[in-house]
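Letter by letter, the chains look like this.
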Amino acid sequence: MLIQRVPAPPLDAFVAVLWASDRGALPHARERKLPTGCVDIVIPLHDPAEITRFSHAADPDGQVFRAAIVQGAHDRAIVRGTGGPSSVVGVHFRPGGAPALLGGALPELHNRTVALDDLWGAEAHRLREALQHAPGLHERLHRLEQHLLRRLAGATPDPFVAAVLQAFRHGAQAVTPVQRASGLSPPTFIARFEQATGLTPKRFLRVRRFHTLLRRVAASPATDWAEAALGAGYSDQSHLIREFVRLAGITPSAYRPVSADQPEHIALEKHPRHRGPAGR
């Protein structure tokens, strides 16, 4: 079972969605998670703590975590283990929303997964214990939301970052015009944006264009790739293929999302006990 909701103001200016999940073992042992350009907190609640492994092409052995994690903004795919039952609560930040709750370490988190207690210390353990003792998924989300609201402590969105993100949402495909409109020098513009989002402006635009493509294709699997390329802002299909391989680590023809509402998740291999003619 999965539930999710947009948090109440003022938290909704920083967090896109809170979610909680209880599930049994999946028919696949691993998933490829494609980049969204956003930061996430993931808190496993099984006790003893379930083991989570993350890896990518440059680090095939990956990292193993036994408690809450923070996934920094990625511009490449990661692979995570999905074997066994899972009880998890998560926070999906809006672009630029994470610094108010995580501090100023966003550039250092680029393409990295770290333990939440590296950033929050003992607070991360106290939060996990409170969530473990919550009676049901909805109460878990309520307790998580209240914790984040207390931690927010009256912070407000950075007007500079909000203006840049609005320009990008309204169709800006190049960084230079937006940088000039900001009145900042190129190095200052890039540094301030990266400090807030964890990605440079060019990397952010590249990932968000890719994410737009995934949403469209997952919703309509029969979509013509040439049409999808132009609709998402790619110059042509060849451009789309190059970017797809760069960001996802696979070709567009190999893209098979777990579901239409999870376009960033791709099942990699079936769990051994599910192998056989019946499949999934």
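The structure reproduced in this document is the subject of the present report. (Residues numbered from 1 in each chain as written. Predicted model: local features only at pLDDT ≥ 70, side-chain atom pairs only at ≥ 80, totals over all residues. Heavy atoms only, no water.)

Below, the discussion takes up the pairing of strand S3 (residues 28-33). Here S3 lies mainly inside the structure; five of its six residues are buried. As paired elements, S3 and strand S8 (residues 78-81) share four bridges and run antiparallel to each other. Within S8, the position partnered with Lys33 by the bridge is Ile78. (Buried < 20%, exposed > 50% of the residue type's maximum accessible area, 1.4 Å probe, protein only. Helix = DSSP H or I, 4+ residues; strand = E, 2+ residues; numbered from the N terminus. Pairing = 2+ DSSP bridges.)

So, about the side chain of Glu123. Locating Glu123 in the fold gives a position in helix H3 (residues 122-132). If near-sequence neighbours (up to four positions away) are discounted, Glu123 is found in contact with His147 and Arg151. (Contact = heavy atoms within 4.5 Å.)

The next subject is the pattern of salt bridges. Counting across every chain of the model gives 10 salt bridges. Its salt-bridge partner being Glu145, residue Arg5 comes within 2.8 Å of it at the nearest N-O pair. Linking Arg5 in strand S1 (residues 2-5) with Glu145 in helix H4 (residues 137-152), this pair joins segments that are 140 residues apart in sequence. Among the ionic pairs, Glu31 bridges to Arg80, the shortest N-O distance being 3.0 Å. (Salt bridge = Lys/Arg side-chain N within 4 Å of Asp/Glu carboxyl O.)

Turning our attention to the nonpolar core. Ranked by internal contacts, the top residues of the largest apolar core, which has 65 residues, are Ile41, Phe93, Leu102, Leu144 and Phe244. Of the residues forming this core, the biggest block, eight residues, is contributed by helix H8 (residues 201-219). If near-sequence neighbours (up to four positions away) are discounted, Phe244 is found in contact with Phe210, Leu213, Leu214, Trp225, Gly249, Ile250, Thr251, Pro252 and Tyr255. If you look at the next biggest cluster of nonpolar residues, it comprises five residues, including Val42, Phe65, Ile69 and Val88. (Core = buried A, V, L, I, M, F, W, Y, C linked by side-chain atoms within 4.5 Å.)

A word on the side chain of Glu243. Here Glu243 lies in helix H10 (residues 237-248). Ignoring any residue separated from it by four or fewer positions in sequence, one finds Glu243 in contact with Arg206, Arg209 and Tyr234.

Inspection of the entire model under this criterion finds seven aromatic pairs. A connected cluster of aromatic rings, assembled from ring pairs, spans Phe210, Trp225, Phe244 and Tyr255. (Phe/Tyr/Trp six-rings, centres within 6.5 Å; stacked < 30°, edge-to-face > 60°.)

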